[in-house]
Every structure is written in structure tokens, then in C-alpha cells.
Amino acid sequence: MKIRPSLTELEEYRPGELIEGAIKLSSNENPLGTSRRVIRAIVEEIESGKLKLSMYPWSGEEAELKNAIAAYLGVDADRIVIGAGIDGVLDTLVRIFIGEGDEGVIPVPTFSLYESLIKIAGGRPRYVNRDRGKNFSVSVDAVTGACNARTRMIFLASPNNPTGNSIPEDDVRAIATSVPEALVVIDEAYVEFAPHSSMVKLVQEQDGNIVVLRTFSKAFALAGLRVGYAVVPSWLTGIYKRVALPFSVNRVAISAAIAALSDLEHLRNTIELVREGREFLYRHLQPLFHVLPSDANFVLVDVSPAKSHAVYKALLRAGIVVRDCSSFRGAGDSFIRITVGTAEQNARVVNAMKHIYDVMM
Ligand SMILES: Cc1ncc(COP(=O)(O)O)c(C=O)c1O
């Protein structure tokens, strides 16, 4: 049997590892876990028969979720589209915009799914290097310079994974204005942890070629249920609904997301814990290694002259799983990414890293 030639070199998505008995700080998940109120709400809904698992999701539930998201963000509900995580939303967007030979511009290192989806669609990723000397910031000129008549999409994660830095709103405006034929995708998976606000208002105000992606996986602690959404310009909602798979967000996920939006206390506690933990990691690791300033729920650490894989293995022996970033295109072989954990987990990370520093450096 023949598969499409463009798929033969595709690499499998490598998620952060989960190792029995070790602390998992490799997938940027929520250190507090899912809110008890959310768990109680879905269990009660299922047990009472209000939430019937035997029935397909219906439009009323989706509308309720979109209304709740709209109220949380302060934008119109008819601008919101949903999917199975940001991953699901990205999949639909790429299927709308990328055909055979079309290009998508990706400043690297970044989240690897962008390039995979472009390749699956038969398109060509065009990589632009982020500026390593400036904490991996994105150059507007480099991005616009990489665009041509075949460019359909530009992918900007902000805060970016794995570097943790954000792109200024003015730079997004400049890129969107200079390449009006391309969709500028702002992936804000981690924006709740950032000191600045989201760019969702910009989408509504500009109503042109900018979309903002958001998720319930990180700050809302629902990664296992797969719920994400995008705020899109008005012209995009109709085609999005026609292309997206029907029922891609399941009933339990919709119900949990609605409950999570009514428990903003858990969100505030999460953000506070992450900001404190991030500061703690920065303060204690920076004297040993170069730690990049982060707006997200993880920190990127340059362990050079050691290799990231050696430090990854040493942390594993100490019972801590982090992300060896050598698998990220353009990241080199000296970065590890550590998810901010609970205070106790962060203290274990610092102790282990001090030991590694003493032994390896
Ligand atoms: C930048 C970025 N976007 C999107 C995702 C995936 O989000 P979701 O769980 O909503 O699919 C991740 C996951 O780590 C990420 O780092």
C-alpha cells in the first residue's frame, strides 16, 4: 500500500514522559491538579442523569460553554470556536489554510505540532530562528522576510514553549499588517501565567487575520479532557464549523470546562502557586545555570557546558522527570525545561540541580 510521500519522514509527537514513582515536571501540567469542585460537578451531573454519556453532545451545551468563555474573556461568544485541546483547534485551522505546497512560518524553537500539521497537510514549514542572544525573541523582520506568495499561516506561541518568553502585541500587529494574506496564529496556551494580558481583544478589534488560541489544559487543570478554543475573526467562524469534526469536544469535557470557569478561585490559586514557584526556581537555579526569564508555568535552563541529556538522566536518577529540549528543532543540546511544581517538588528540583552542579560542573 502507498501512503502519501510527504508523510514518510514525519516524526511521532513525543509527549513529556511519565515514569512510575517519579515527579512529572515534563508536560507543563497544573501542579494543583483538577479542582475538587469541578470533579464533584461532573460526577453529580453523570450520576443524576443530567449528563447522559449515551447521547452525543448537543449544540445547547456547546453554546453554554462558548457563553461562559466569552464572559471570562470579555469578547463576543460568536467569535469563539472550540476543539479537542489547542491541538484539535490547530488541526482544523491547518486543514482550512494549508494545501499541497503552501507554507507556514514557524519561529523556532517552539511547539512541534505546528510543523507536523503543516507536513501532514502537504505543506512546507519555513523555519525562522529566534534570537538566542535576546532570550529567544522573535524578529518581526525575520518573520515577514520569510513570507512569500505561498505563505498561508504564521505560528507564534506567546508565551512560547519551551523558551517561556512572549511576543509584544505591537510586533503581532506589525506582522499581521505586513502580511495580510496570511493567518497569524497566536498560541496563548500559557497566557494565564504571564504578567501581561491576552491578545484576545486584538482579534475582535482587528477582525482580520489574527486568531488567538487558548486552552483548559494548563491553568484550568483539564489536560486529560482535551478542551481548547480560539477567538477568531468573524469571517472564519462559518468555515471553521464546516471543517471541524462534529462532536470533537465530548460532553464530560464541555461540562467540566463550564464548571472550571465558575471556579475562578482554583484558577487564582494555581496562578499564585506557579508565579511563586517560578520565582523560587529562578532565584535558586540562576546562580548555578543560565535560567531564561519565563512568563509561563515552566523555566528553560541552559546547562552548558553539560549536555541536556546527561542532566535529564541525572535528574531522573533523583526521581524527577523534566524535558530534555534537544528534541526541539533549533534548541541545541544544552537546554532542559522544568515545569513549575508544588513548593515541595520545586525544592527537590533545586536540591537535585545543586548536586548535579557540584558533580558535573
Ligand atoms: C504552546 C503550546 N500550545 C498548545 C499545547 C497543547 O495544548 P492542548 O492541551 O490544549 O492541546 C501545548 C502543550 O504543551 C503547548 O505547549
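Parameters at a glance
The numbers attached to residues start from 1 for each chain and follow its sequence in the written order. Totals for whole chains, interfaces and linings use all residues, but because this is a predicted model, local features are given only for residues with pLDDT of at least 70 and pairs of side-chain atoms are given and counted only at 80 or more. Note that water and hydrogens are dropped before the side-chain values are worked out from all heavy atoms of the structure. Salt bridges are counted wherever a side-chain nitrogen of Lys or Arg sits within 4 Å of a carboxyl oxygen of Asp or Glu. Here a strand is any run of E in DSSP of at least two residues, a helix any run of H or I of at least four, and the numbering for each starts at the N terminus. When accessible area is computed with a 1.4 Å probe and restricted to protein chains, residues below 20% of their type maximum are described as buried, those above 50% as exposed, and intermediate ones as partly exposed. When at least one non-hydrogen atom of a residue lies within 4 Å of a molecule or strand, that residue is treated as near it. Here a polar contact means two N or O atoms within 3.5 Å. Within protein one must be a hydrogen donor candidate and the other an acceptor candidate, and residues neighboring in sequence count only if both atoms are side-chain atoms. Each accessible area is a Shrake-Rupley estimate made with a 1.4 Å probe; only the visible protein chains count as cover when residues are assessed. The source of the domain bounds is an automatic or database domain assignment. Residue contacts are defined here by distance: any two heavy atoms, one from each residue, within 4.5 Å place the two residues in contact. Buried area is calculated as the accessible area (1.4 Å probe) missing from two parts once they are joined, with the contributions of both summed. Only the six-membered ring of Trp is used, alongside the rings of Phe and Tyr, when aromatic pairs are assigned; centres must lie within 6.5 Å, and planes under 30 degrees apart are stacked while those over 60 apart are edge-to-face, with the rest tilted.

**Here we look at the pattern of salt bridges**
Scanning the model with the defined rule gives 23 salt bridges in all. Between Arg-214 and Glu-192 there is a salt bridge whose closest N-O contact spans 2.9 Å. Taken together, the residues span a long stretch of sequence, with Arg-214 in strand S7 (residues 210-215) and Glu-192 in the loop between strand S6 (183-187) and helix H7 (200-206) at a distance of 22 residues. With respect to burial, Arg-214 and Glu-192 carry one shared label: buried. What emerges from the salt-bridge pattern is a single network uniting Glu-169, Asp-170, Arg-173 and Glu-205.

**Examining the site of the ligand**
The environment of the ligand is made up of 13 residues, and the closest members are Ile-86, Asp-187, Thr-215, Ser-217 and Arg-226. Thr-215 places a side-chain nitrogen or oxygen 2.5 Å from an oxygen atom of the ligand. Protein contact buries 93% of the 400 Å² of open area that the ligand shows by itself. No other element matches the 3 residues that helix H3 (residues 85-97) contributes to the shell around the ligand.

**Observations concerning the domain arrangement of the chain**
The domain architecture assigned to the chain consists of domain 1 (5-34 + 265-360) and domain 2 (36-261). Taking the mean C-alpha position of each, domain 1 and domain 2 sit 24 Å from one another. Taken together, the contact between domain 1 and domain 2 spans 35 residues of the former and 38 residues of the latter. Approximately 2900 Å² of surface area, both sides summed, lies buried where domain 1 meets domain 2, with 59% of it carried by carbon and sulfur atoms. On the domain 1 side of the contact with domain 2, Thr-34, Asp-295 and Arg-329 bury the most area, a combined 25% of that side's loss.

**Remarks on the packing of aromatic side chains**
The final tally for this structure, using the stated rule, is 11 aromatic pairs. When the centroid spacing of 5.1 Å and the interplanar angle of 85 degrees are considered together, the rings of Tyr-190 and Phe-298 count as edge-to-face. Of the two residues, Tyr-190 sits in the loop between S6 and H7 while Phe-298 sits in strand S10 (residues 298-302), which places them 108 residues apart along the sequence. With centroids separated by 5.1 Å and ring planes inclined at 50 degrees, the aromatic side chains of Phe-216 and Phe-220 adopt a geometry described as tilted.

**Considering helix H9 (residues 251-261)**
Counting buried residues along H9, 11 of its 11 residues qualify, which places the element largely inside the surrounding structure. Within the sequence span of H9, burial applies to Arg-251, Val-252, Ala-253, Ile-254, Ser-255, Ala-256, Ala-257, Ile-258, Ala-259, Ala-260 and Leu-261. The backbone nitrogen of Val-252 has a side-chain oxygen 2.9 Å away, supplied by the residue at the start of H9, namely Asn-250.

**Section: unusual backbone geometry**
Note that the residue after Ser-158, namely Pro-159, is joined by a cis bond; omega there is 0 degrees. In this fold, Pro-159 is placed in the loop between strand S5 (151-157) and helix H6 (169-178). Omega for the peptide link from Asn-161 to Pro-162 comes to 15 degrees, which places this bond in the cis form. With respect to the secondary-structure elements, Pro-162 resides in the loop between S5 and H6. A positive phi angle, near 65 degrees, is found at Phe-136, a position not held by glycine. Looking at where Phe-136 falls in the secondary structure, it is placed in the loop between strand S4 (124-129) and helix H5 (140-145).

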